[in-house]
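Given next are the chains, with one letter for each unit.
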Amino acid sequence: MNGGDLPPYARALGIEVDHDEGGNPVLFVDFSERILGRPGFLHGGAMSGLMEMAAVAALRAELERRGEPARLKPVNVQVEFMRGGTAQRTFAMGTVTRAGRRVALVNAECWQDDRRKPIALAQMKILLSAAE
């Protein structure tokens with residue numbers, strides 16, 4: 001997956017693909033005014049958006065490996081904010097927990113300087129339907 005594969009929402013936030021880890025894309029966003037929350041901190045919605053894009057990217061990569069293109073429709077997302085994101089590069093990666101014929105469950109984590117200290121975690125349920 002490359003940056004051109006990301007949806008317009010991701011590009012609007014400045015989200016890009018950093019590298020591939022075990023078949024899952026690792027995304028990042030550099031701190032900027034467009035994702036600023038309170039002074040000096042990343043906006044919670046920007047963290048949520050980054051994790052959503054990472055979850056979708058991981059699911060697309062999994063479906064591509066299987067040769068099963070599908071349309072994705074997010075049903076819900078649950079986000080747990082662990083600590084404030086500061087003014088630095090932020091990373092996120094999704095991991096597919098389950099991808100059946102109709103529903104996929106994907107976890108995502110968001111971190112900055114130390115991956116062992118996530119700043120936020122997310123779980124998403126995504127409906128799958130035949131690609132048109």
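Small disclaimer: the values here were computed from a predicted structure and weren't measured.

About the thresholds
- Residues numbered from 1 in each chain as written.
- Predicted model: local features only at pLDDT ≥ 70, side-chain atom pairs only at ≥ 80, totals over all residues.
- Heavy atoms only, no water.
- Helix = DSSP H or I, 4+ residues; strand = E, 2+ residues; numbered from the N terminus.
- Buried < 20%, exposed > 50% of the residue type's maximum accessible area, 1.4 Å probe, protein only.
- Contact = heavy atoms within 4.5 Å.
- Core = buried A, V, L, I, M, F, W, Y, C linked by side-chain atoms within 4.5 Å.
- Pairing = 2+ DSSP bridges.
- Axes fitted to C-alpha atoms, helices over the stretch in contact; angles between N-to-C directions.
- Salt bridge = Lys/Arg side-chain N within 4 Å of Asp/Glu carboxyl O.
- Phe/Tyr/Trp six-rings, centres within 6.5 Å; stacked < 30°, edge-to-face > 60°.
- Lys NZ or Arg CZ within 6 Å of the ring centre and 35° of its normal.

S.K.: Explain the environment of Met53 to me, and be specific about the residues and the numbers.
M.R.: Relative to the assigned elements, Met53 resides in helix H2 (residues 44-66). A relative accessible area of 8% places Met53 in the buried class. Distance from Met53 to Tyr9, taken between C-alpha atoms, is 8.9 Å for residues 44 residues apart in sequence. Ignoring any residue separated from it by four or fewer positions in sequence, one finds Met53 in contact with Pro7, Tyr9, Ala10, Ile15 and Leu27.

S.K.: Break down the nonpolar core for me, citing the residues and quoting the values.
M.R.: Membership of the largest hydrophobic core comes to 32 residues, with the highest contact counts inside it found for Ile15, Leu59 and Leu128. Counting only elements with at least two residues in this core, the list comes to helix H1 (8-13), strand E2 (24-29), H2, strand E3 (70-81), strand E4 (90-99), strand E5 (103-111) and strand E6 (120-130). The biggest single contributor to this core is H2, with 10 residues. Each residue touching Ile15, except ones within four places of it in the same chain, is listed here: Leu6, Ala10, Leu27, Phe28, Val29, Gly49, Leu50 and Met53. Within the second largest apolar cluster, five residues are counted, among which are Val26, Phe91, Met93 and Trp111.

S.K.: Pulling in residues and values, what's your account of the sheet that holds E6?
M.R.: Spatial ordering of the open sheet is given by E1-E2-E4-E5-E6-E3, a layout of six strands whose pairing is antiparallel. For this open sheet the edge positions go to strand E1 (16-21) and E3, each flanked by a neighbour on one side alone. Direction aside, neighbouring strands of the sheet carry axes that sit 25 degrees apart on average. Summarising the sheet, E4 and E5 pair through eight bridges and their orientation is antiparallel. Bridge pairing links Thr95 to Asn107 in E5.

S.K.: Explain the pattern of salt bridges residue by residue, including any values.
M.R.: Here the structure, examined in full by the defined rule, presents seven salt bridges. Measuring nitrogen to oxygen at the nearest pair gives 3.1 Å for the salt bridge that ties Arg116 to Asp114. The class for Arg116 is exposed, based on a relative accessible area of 73%. By relative accessible area, which is 17% here, Asp114 ends up buried. Connected through shared salt-bridge partners, Glu62, Arg65, Arg66 and Glu68 make up one network.

S.K.: How would you explain the packing of aromatic side chains if you had to name every residue and give the values?
M.R.: Per the stated rule, a full pass over the model turns up two aromatic pairs. Measuring from ring centre to ring centre gives 5.8 Å for Phe91 and Trp111, while their planes differ by 20 degrees; the resulting arrangement is stacked. Linking Phe91 in strand E4 with Trp111 in strand E5, this pair joins segments that are 20 residues apart in sequence. For Phe91, a relative accessible area of 17% corresponds to the buried category. Here a set of aromatic residues connected by ring pairs shows up, and it is made of Phe28, Phe91 and Trp111. Its guanidinium or amino end placed over the ring of Phe41, Arg38 lies 3.9 Å from that ring's centre, counting from NZ or CZ. One cation-aromatic arrangement involves Arg89 over Phe28; the distance from NZ or CZ to the ring centre is 3.9 Å.

Any functional reading would require information beyond the geometric quantities listed.
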